[in-house]
Amino acid sequence: MLIVGMFYLYALSYGQNKYTLNGRVVDENKQALTGATIYVSPAAKGAFTDANGNYIIKDIVAGIYKIEISFIGYNSIVDTIDITGNKIYNAHLSESAINLQEVVVTDNYVETRKKEESLNIEIVNDDYLKQNMGGSFMNSLERLPGVTTIDIGSGQSKPVIRGLGFNRVVVVENDIKHEAQQWGADHGLEIDQYAIDNVEIIKGPASLMYGSDAMGGVIDMKNRKLPADSTYGGSVDLSGKTNNDFVGTSVSLYGRKRWFFADFRATFLDYEDYKVPTDSVDIYSYRAPLYQNHLRNTAGKEQNLHLTMGIIKTKFQSKFYISNVYSKNGFFANAHGLEPRNVDTELHDKSSRDINYPYQQVNHFKAINTSQYNFGKAKIETDFGFQRNFRQEWSQYVSHGYMPATYPTSLNANPDLELQFDKYVYSGNLKFSYKINDKAQFNSGINSDYQDNRIGGRGFIIPAFKQLNLGGYILGKYASSVKSIIQIGVRYDFGDIRAQAYSDWFSSPVVSNNDTTYQYLQRAGNINGNFSNISWSLGYNYNAEKWSFKANMGKSFRMPTAKELAANGVNYHNFSYEVGDAGLSPEVSYQLDAGLEYNSSDFAIGATPFLNYFTNYIYLNPSSEHNRLYGNGNQVFYYTQCEVLRYGAEIHAHYQLLKPLQVGIIGEYVYSEQQSGEKKGFTLPFSPPASAILNVKYQKQKIKFIENAYWSVDYKLTAPQNNIVPPEEKTDGYQVINVGLGGDVKLKNQKISVSLQVQNLLNTKYFNHTSYYRLINVPEPGRNLIMNISIPFSGKIKRK
Amino acid sequence: MSLIFAFNSCEKDKDIDNQKPVIDLSIQNAFPVSCDTLYFGETFILKVKFTDNVQLGSYSIDIHNNFDHHSHSTEVTECNLDPIKEPVNPFTLIQDYDIPVGLQEYETNLSITIPSSNSNGSFDEGDYHFFISLTDREGWSAQKGLSIKILHR
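What you are looking at is a predicted structure, and each value in this text was computed from that prediction instead of being measured. (Residues numbered from 1 in each chain as written. Chains lettered and ligands numbered in written order. Predicted model: local features only at pLDDT ≥ 70, side-chain atom pairs only at ≥ 80, totals over all residues. Heavy atoms only, no water.)

Novice: Hey, could you go over the nonpolar core for me, with residue numbers and the actual values?
Specialist: The biggest cluster of nonpolar side chains holds 33 residues, and the ones touching the most others in it are Trp505(A) and Tyr630(A). If you list the elements that add at least two residues to this core, you get β25 (417-435), β28 (484-499), β33 (527-543), α6 (562-566), β36 (576-579) and β39 (635-656) of chain A. Of all hydrophobic cores here, the second largest spans 29 residues; its members include Val48(B), Tyr59(B), Phe130(B) and Leu146(B). (Core = buried A, V, L, I, M, F, W, Y, C linked by side-chain atoms within 4.5 Å. Buried < 20%, exposed > 50% of the residue type's maximum accessible area, 1.4 Å probe, protein only. Helix = DSSP H or I, 4+ residues; strand = E, 2+ residues; numbered from the N terminus.)

Novice: So, the packing of aromatic side chains: which residues are in play, and what are the values?
Specialist: According to the stated counting rule, one finds 31 aromatic pairs over all chains in the structure shown. Counting every residue linked through ring pairs, the aromatic cluster contains Phe40(B), Phe67(B), Phe91(B), Phe123(B) and Tyr128(B). Seen from the ring of Phe767(A), Arg774(A) lies directly overhead, with NZ or CZ sitting 4.8 Å from the centre. (Phe/Tyr/Trp six-rings, centres within 6.5 Å; stacked < 30°, edge-to-face > 60°. Lys NZ or Arg CZ within 6 Å of the ring centre and 35° of its normal.)

Novice: Summarise the pairing of strand β15 (residues 217-221) of chain A; cite the residues concerned and give the values.
Specialist: Put simply, side chains in a regular strand alternate between the two faces of the sheet. All names here are of chain A. Where burial is concerned, most of β15 is hidden: five out of the five residues are buried. Of the pairings in the sheet, the one linking strand β12 (residues 169-173) to β15 comprises five bridges and is parallel in character. Bridge pairing in β15 places Val 172 opposite Asp 220. Note that strand β14 (residues 198-203) and β15 share five bridges and pair antiparallel. Counterpart to Ile 201 in the pairing with β15 is Ile 219. (Pairing = 2+ DSSP bridges.)

Novice: A description of the sheet that holds β14(A) should follow, citing residues and the corresponding values.
Specialist: If you trace the five strands from one edge of the open sheet to the other, you get β9-β14-β15-β12-β13 (chain A), paired in mixed fashion. With partners counted over all chains shown, the strands left at the sheet margins are β9 (120-125) and β13 (176-177) of chain A, one partner each.

Novice: Lay out the domain arrangement of chain A in plain terms, naming residues and giving numbers.
Specialist: Residues and elements named next belong to chain A. Domains assigned within chain A are domain 1 (18-96) and domain 2 (112-796). Using C-alpha coordinates to define each centre, domain 1 is positioned 41 Å away from domain 2. Listed by partner, the interface residues are four residues for domain 1 and six residues for domain 2. Buried area between domain 1 and domain 2, both sides added, is near 380 Å², and the carbon and sulfur share of it is 53%. Inspection of the region where domain 1 meets domain 2 yields one salt bridge. Asp 438 is paired through a salt bridge with Lys 45; the nearest N and O atoms lie 3.5 Å apart. Counting across the interface, domain 1 meets domain 2 through zero residue pairs in polar contact (both at pLDDT 80 or more). Considering only residue class, the side of domain 1 that touches domain 2 consists of one nonpolar, one polar and two charged. (Domains from an automatic or database assignment. Contact = heavy atoms within 4.5 Å. Buried area = accessible area lost by both parts, 1.4 Å probe. Salt bridge = Lys/Arg side-chain N within 4 Å of Asp/Glu carboxyl O. Polar contact = N/O pair within 3.5 Å; in protein donor to acceptor, adjacent residues only side chain to side chain. Nonpolar A, V, L, I, M, F, W, Y, C, P; charged D, E, K, R; others polar.)

Novice: Outline the interface of chain B and chain A, listing residues and values.
Specialist: Every contact between the two is made by 46 residues of chain B and, on the other side, 48 residues of chain A. Interface of chain B and chain A: buried area, both sides summed, is about 4,000 Å²; carbon and sulfur atoms make up 55% of it. Put simply, chain B and chain A have two salt bridges between them. Note that Lys20(B) is salt-bridged to Glu729(A), the shortest N-O span being 3.1 Å. Between the two partners, chain B and chain A, sit twelve residue pairs in polar contact (both at pLDDT 80 or more). Elements with a minimum of two residues in the side of chain B that touches chain A: β5 (56-65), β6 (93-98), β11 (126-136) and β12 (141-151) of chain B. Its residues assigned to classes, the side of chain B that touches chain A comprises 14 nonpolar, 20 polar and twelve charged.

Novice: Mind laying out unusual backbone geometry, listing which residues take part and the relevant values?
Specialist: Cis geometry is adopted by the peptide bond preceding Pro358(A), which originates at Tyr357(A) and carries an omega value of -10°. Locating Pro358(A) in the fold gives a position in the loop between α5 (345-348) and β23 (359-375). With an omega of -5°, the peptide bond between Phe31(B) and Pro32(B) qualifies as cis. Within the secondary structure layout, Pro32(B) lies in the loop between β1 (22-24) and β2 (37-39). Positioned with a positive phi, Asn708(A) is a non-glycine residue whose angle comes to about 50°. If you trace the backbone, Asn708(A) turns up in strand β42 (residues 706-718). Since its relative accessible area comes to 41%, Asn708(A) is described here as partly exposed.

Novice: Give me the side chain of Asn356(A): which residues, what numbers.
Specialist: Residues and elements named next belong to chain A. Note that Asn 356 resides in the loop between α5 and β23. You can call Asn 356 buried: its relative accessible area is 15%. In terms of polar contacts, Asn 356 uses its side chain to reach the side chain of Asp 354, at 3.4 Å. Dropping the residues within four chain positions of it, Asn 356 is found in contact with Asn 297, Leu 347 and His 348.

Novice: Go over the pairing of strand β44 (residues 750-759) of chain A with me, naming the residues and quoting the values.
Specialist: Residue and element names in this part refer to chain A. Note that strand β43 (residues 734-747) and β44 share nine bridges and pair antiparallel. Along β44, the bridge assignment pairs Lys 746 with Lys 751. From the end of β43 to the start of β44, which pair antiparallel, there are two residues, and Lys 748 there has a positive phi angle of about 55°. Of the strand pairs in this sheet, β44 and strand β45 (residues 784-796) are connected by seven bridges, and their pairing is antiparallel. The residue bridging Leu 756 from the neighbouring strand is Met 787, located in β45.

Following this line, the structure appears as structure tokens:
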């Protein structure tokens, strides 16, 4: 599949005559198709049809080429042509009967992107997400080499790329950076995995295009699918999981009439406490018995709504995306607060579907507009976004530190609201690209955003703050030969952060000169910081017939977060007391990336090594001190900066054993070491252990009545992780088997796609080093049967 | 243009402390242990042994009410708890203490006085939670939580 049609049959040599290829593209009724794509490879020349369905491609050297003609809603034509003189190639495309929601760009989009991007990337679509569906969007991507997750519970996880996560990975949805509470490990991404049709994962420093934070990489989600003209349709997705009795549905409806289209989606998910293969959990030194293997109070639900609409014209496109993602989920009740807690088991174990204290709820609203204007060689794109992330943590009021034993009613607040974060983000991007000639392209852009962060609740961890970010970049791309591309870019960023002072709402005893006075302690002072940085990147791609090579060198950076600058409070999940440092400088990292790949029709192998050096990694250092004025005498963790060296690689290989049967291997390894500071010689927190997946996949166009049938077995081997930092524990290696099968069946004329998975087939008890609950010895979920049924439907809107 | 990475692979073999310190309540005269009783207005001596493979850091003591039975003990023994009640004027103590530098083993001999009242009046007697946290110099930590009673005599 990867290499279909990539036959590079080169024309004889230079000095050849150049010819013209032209023709007309029509539909089955001989109606002209406007905007169809014609792509000739390896000449890398393309054209669109005009209003009469005509196209013309000039200056083609004599030779044999692959021609691909495609148009949304129609079956593509792929053919081989022999250019020996000027040639006419006419085509009529037939409508694709079932899946009208065809992608806009031709099928080799993935290949083209990989060949042109000098960083290593992975691209997956919605079919992949369904076949590998996990508890959350990131769980579904976890199988990809170099991608891991930090999980909390069964429905929440954070992205980690090559061992870097939190604010070191940027998540982008529809060209706007997703801004939430990335700094916290205790909640996931506010992303609806049913609403995503295309995900690109960039592994490596991508500050150049994405600005601050893109040090480890980028998760970029773009809705690329567009309905064909005069069609309507939609789909119903039904999902179920046995481990946490998950039930979910996602329904979409879309339609397009000429240049206007709209798409609506609603997703509802509900799940119980998840089950782990153990009777009790040791939370630090406390043992908490579990009722019927249920991890107490980890049930949750999610309700998401999306509306997309827009204008599609040849020279102008504008799309609006409006979405609201809401989730509510419980925390493991025994392990939240100042210390491991006794819980009212009668209340908590009465039902495994209810969500009791402690729990969190997050609402993420987004309104985004992206527009593009094409002027032949030049293209201008604009993105505008508004986001509001509203997150609350609720738990029963427990006084800690010198808080009063009962919450004073005079404060007029709900005593059970532990923490509240309210974030408003306004973003704007402007991009300009210009194709100078066949060989050279110029891109530039400006990114900006403004954030207003407010806080609430009885607890304190970070202050309220306002932040402004501005950045601009220029990037040049030059094809130095048919096979090689050089890219070079530079970027400047400026950021300003203003944090607001915060004082306790209760008084604490302060001893000075043997006198004890009760004072309202100031947790954080006013902070006024601004940061600037120049980042750059230099890349090279070489794409030969079967071999390809890429290399990239880049400097990336990250502005310190408000938490790193000004934290001063108890982290209720870690039982730690965290202290920020207003003097931190922006984190800077240099990285060298390479990728080498061999691809033939039945065999492929590739490796993507990297070497990375941070001059001043911001590290939350567990000290030997204790805090006496808040919490319960918790250990103090200070934000510090140190040099960090990291290296690692991913490998992948597959071999087509028989026509439908493929065997493959995916492996990943990361090593991190702090090179200076108090923890010199130690690794970084949440370091993923080395792992490999051995895979067998059987895929056939048709087995009896099942189309696109497949089954696959993943045997995942994970090495022990013995490189740890306090307060982590060493984690043993483990082996897990996951199986999947599925395909499309037709009931009369209705297509139904079914995918089934069994995760942890043998119900193995194992610990995941990068799970948030690893620290309290919660094993990973037991056997889980996951089923997803997708029913697409579509029809034609009559033309008048 | 070239970047020089100060990369020395030999360093990997260097010893890293990855062991937690230990709070030992099994020594003779250890006090308090689970289910012990302390008295308001009196002084008791904290007797605990701390050990670490490299060097001890510091420790803290936290005493707070357990009238709602929210805390449980890290010890195997179960103590008899009084019925759940609302706190009126519960006693709280949070204190951190240094351990002399350079020790692998340390036995506390700390006297702590529990006052019998504050400006709000007499402290509530009943179930309390006695929490000990210990760190070593590298930031590894250990915790013990004890169920105790504090009563007026």
